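The lines below spell out each chain.
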Amino acid sequence: VSQSRYPDVISPDPGNCPRCRMRLTRTGQVDSRDLPVQIQASPSPPVVGRSLQLRFTVRRPNSGPQVQKFNILHDMPFHLFIVSQDFTSFEHIHPDLQPDGSLVVATRLPKPGYYRVFCDFFPEGGMPQVSHHHLVTAGFEGDLAGSFAQLIPDEPVAGRYERSIDGTRFELTFDPPHLYAGREYELHYSIFDQSSGLPVQDLHPYLAAWGHTLILSEDGTEYLHSHPTEMLPDGLSANRLRELRGGPEVVFDTFFPRPSRYRIWSQFQRG
């Protein structure tokens, strides 16, 4: 197996890294199996509005040893997405790695019902993983099927999808503009200051990227976590990274694997 200095760039053959063009180096055999993730919730079941501690333990298959080391991707060893079953609540947080290799995070669930939990991580010596799980709050009497999202597609204006949030206006277009399943697309974001109407120039790096995008199909089975095509400069010190400014255009690569309605969450940091 050949690997880049980027831990997620792995090839069975020698050659050059598609990102930095440096020659790939030979490394040991990579474990390509899916790894089971165990979740411990306290309290269990979760109580709406109360502090909830989640502990994640990753093991090798067939009751193997616990994984204790994780590659750092976008500044974190573990990316956790918690999305309510109806898609109205979204959270992207990051458990802290403990000395024993488990990962712990505290959060609150804002409403009663079912939640989807997506664990996105890259164990050392393994392959990038996404593990799907569910939580349900205490005392919830609804049924799972009745809690599914019922998405109403947004109507574009002149080919643009617009949102204004916290003093910032986002304009999203697709390239190509017509959406079909199984085809690759670019998501083009143009970002403006809402009060002045001017394009922003004050984007800050957020988790080692100019933004993050999560896309879920309406039934929650298709998961796509995408990052901008423009990467941050390599080899900069932490102080220099804090000085970087970006905008107003950010582009993500993605595709829609099958016909469905999809919801897109994109995260950026200003100021």
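Here, every reference points to the structure presented above.
The numbering scheme is per chain: residues are counted from 1 as the chain's sequence reads. Given that the model is predicted, a residue must reach a pLDDT of at least 70 before its local features are reported, and side-chain atom pairs must reach 80 or more before they are shown or counted; all residues, however, enter totals for whole chains, interfaces and linings. Excluded from the side-chain calculations are hydrogens and water; all other atoms, namely the structure's heavy atoms, are used.

Novice: Account for the sheet that holds strand E11 (residues 129-136), naming residues and giving values.
Specialist: One bridge is not enough; two strands pair if DSSP finds at least two bridges between them. Secondary structure elements follow DSSP: runs of H or I of four or more residues count as helices, runs of E of two or more count as strands, with numbering from the N terminus. Spatially, E7-E6-E10-E11 is the arrangement adopted by the four strands of the open sheet, whose pairing is antiparallel. Looking at which strands have only one partner, the edges of the open sheet turn out to be strand E7 (90-93) and E11. Averaged over all neighbouring strand pairs, the angle between strand axes comes to 15°, with direction disregarded. Summarising the sheet, strand E6 (residues 78-84) and strand E10 (residues 114-121) pair through seven bridges and their orientation is antiparallel. The residue of E10 that forms the bridge with Phe-81 is Phe-118. Between the N-to-C directions of two axes lies an angle of 0 to 180 degrees, each axis being a line fitted to C-alpha atoms and, for a helix, fitted only over the stretch in contact.

Novice: Before we move on, can you summarise the packing of aromatic side chains with the specific residues and values?
Specialist: Geometry of aromatic contacts follows a simple scheme: Phe, Tyr and Trp rings, the Trp one being its six-membered ring, pair when their centres are within 6.5 Å, and the pair is stacked under 30 degrees between planes, edge-to-face over 60, tilted otherwise. Evaluation of the coordinates by the stated rule reveals 17 aromatic pairs. Both rings, one in Phe-81 and one in Phe-90, keep their centres 6.1 Å apart while their planes meet at 40°; by these two values the pair is tilted. Exposed residues in this analysis have more than 50% of their type's maximum accessible area, buried residues have under 20%, and partly exposed residues fall in between, with area computed by a 1.4 Å probe over protein chains only. Taking the relative accessible area as the measure of exposure, Phe-81 reaches 1% and is therefore buried. According to the relative accessible area criterion, Phe-90 is partly exposed, its value standing at 24%. Pairwise contacts between aromatic rings join Phe-81, Phe-87, Phe-90, Phe-118, Tyr-223 and Trp-265 into one cluster.

Novice: Please set out the layout of surface pockets residue by residue, giving values where relevant.
Specialist: Cavities and pockets are defined on a 1 Å grid built over the protein atoms alone: a cavity is a set of grid points where a 1.4 Å probe fits but cannot escape, while a pocket is an open set with protein on both sides within 12 Å along at least five of seven lines, and lining residues are those with an atom within 4 Å of any such point. Grid points are joined across faces, edges and corners, and a volume is the space filled by probe spheres set on the points. Taken as a whole, the second largest pocket spans an internal volume of roughly 1,100 Å³. Around the second largest pocket sit 36 residues that line it, and Asp-154, Leu-172, Arg-263, Ile-264 and Trp-265 are the ones nearest its centre. Broken down by secondary-structure element, the contributors of at least two residues to the lining of the second largest pocket are strand E12 (161-165), strand E13 (168-175), strand E14 (184-193), strand E19 (262-267) and strand E20 (269-270). For the lining of the second largest pocket, a count of residues per class yields 22 nonpolar, five polar and nine charged. Amino acids are sorted into nonpolar (Ala, Val, Leu, Ile, Met, Phe, Trp, Tyr, Cys and Pro), charged (Asp, Glu, Lys and Arg) and polar (every other residue, Gly among them).

Novice: Can you break down the sheet that holds strand E8 (residues 96-97) residue by residue, with the values?
Specialist: Across the sheet, four strands lie side by side as E4-E5-E9-E8; this open sheet has antiparallel pairing. What marks the edges here is a single partner per strand, and that holds for strand E4 (37-42) and E8. In terms of strand pairing, E4 meets strand E5 (residues 52-58) through six bridges, oriented antiparallel. Bridging from a neighbouring strand, Ile-39 pairs with Phe-56 of E5.

Novice: Run through unusual backbone geometry, naming residues and quoting values.
Specialist: Of the consecutive residues Ser-42 and Pro-43, the connecting peptide bond is found in the cis state with omega at 0°. Within the element layout of this structure, Pro-43 appears in the loop between E4 and E5. Of the consecutive residues Gly-247 and Pro-248, the connecting peptide bond is found in the cis state with omega at 0°. In this structure, Pro-248 sits in the loop between helix H1 (238-243) and strand E18 (249-255). Look at Asp-75: it is not a glycine, yet its phi comes out positive at around 75°. Along the chain, the position of Asp-75 falls in the loop between E5 and E6. Notably, Ala-208 is not glycine yet its phi reads approximately 60°, a positive angle.

Novice: Describe in detail the side chain of Ser-102, supporting the description with residues and values.
Specialist: By the element assignment, Ser-102 lies in the loop between E8 and strand E9 (103-107). Each polar contact in these results corresponds to two N or O atoms within 3.5 Å; when the atoms are within protein, one needs to be able to donate a hydrogen and the other to accept it, and residues that are neighboring in sequence are counted only if both atoms are side-chain atoms. For Ser-102, the side chain forms a polar contact with the side chain of Arg-55, separated by 2.8 Å. Residue contacts follow a heavy-atom distance rule, with two residues in contact if any of their heavy atoms lie within 4.5 Å. Those residues within four positions of Ser-102 in sequence are excluded, and the remaining contacts are Arg-55, Phe-56, Thr-57, Gln-66, Asp-96 and Leu-97.

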